[in-house]
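# Per-entry structural report
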Amino acid sequence: MDHSERSAIEMDKYNTIVSVCVQWMVSGDTPFYADSLVGTYGKIMDHKNSLSFPEDVEISRNAKSLICAFLTDRSVVRSIQDL
């Protein structure tokens, strides 16, 4: 694994953590909660299908957009070298 691949993996982790924290702050709900670590990981990896926003909490379109922006596919995440 070269430096660029390691950087992309680290960015994936960072982006997921930020996205989870933002959703937790605005909704009070952890977005990928599961009864097991494997279940949580599976939901994170399948975020396009598993991410949902609670209907009983008003979350602005901008906040939803920010949360989703941090959850991008690795193929579209820019590396540090690209910045």
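The structure we're discussing is the one just above.
It should be emphasised that the depicted structure is a prediction, and the values quoted were computed from it without experimental measurement. (Residues numbered from 1 in each chain as written. Predicted model: local features only at pLDDT ≥ 70, side-chain atom pairs only at ≥ 80, totals over all residues. Heavy atoms only, no water.)

A count of helical and extended segments in the protein chain gives four helices and zero strands. Along the protein chain, from the amino end to the carboxyl end, the secondary structure elements read α-α-α-α. The 83 residues of the protein chain split such that 27% are buried. Considering only intrachain contacts with a sequence separation of at least 6, the fraction spanning at least 24 residues in the protein chain is 58%. Surface exposure of the protein chain reaches about 6,200 Å², of which carbon and sulfur atoms provide 56%. (Helix = DSSP H or I, 4+ residues; strand = E, 2+ residues; numbered from the N terminus. Buried < 20%, exposed > 50% of the residue type's maximum accessible area, 1.4 Å probe, protein only. Contact = heavy atoms within 4.5 Å. Areas by Shrake-Rupley, 256 points an atom, 1.4 Å probe, with all protein chains shown as cover.)

What follows is about the side chain of Ser19. Mapped onto the secondary structure, Ser19 falls in helix 1 (residues 3-27). Not counting residues within four places of it along the chain, the set of residues in contact with Ser19 comprises Ile67, Phe70 and Leu71.

Time to look at the environment of Met45. Here Met45 shows up in helix 2 (residues 37-45). Residues Met45 and Phe32 lie 13 residues apart in sequence; the distance between their C-alpha atoms is 9.8 Å.

You can see Pro54 is positioned in the loop between helix 3 (47-50) and helix 4 (61-70). Residues Pro54 and Gly28, 26 residues apart in the sequence, show an inter-C-alpha distance of 9.5 Å.

All right, on to the side chain of Gln23 then. Examined against the element boundaries, Gln23 turns out to sit in helix 1. When its relative accessible area of 0% is taken as the criterion, Gln23 is described as buried. A polar atom in the side chain of Gln23 sits 3.2 Å from the backbone oxygen of Ser52. Those residues in contact with Gln23 that sit more than four places away from it in its chain are Gly28, Asp29, Pro31, Leu51, Ser52, Phe53, Pro54 and Ile67. (Polar contact = N/O pair within 3.5 Å; in protein donor to acceptor, adjacent residues only side chain to side chain.)

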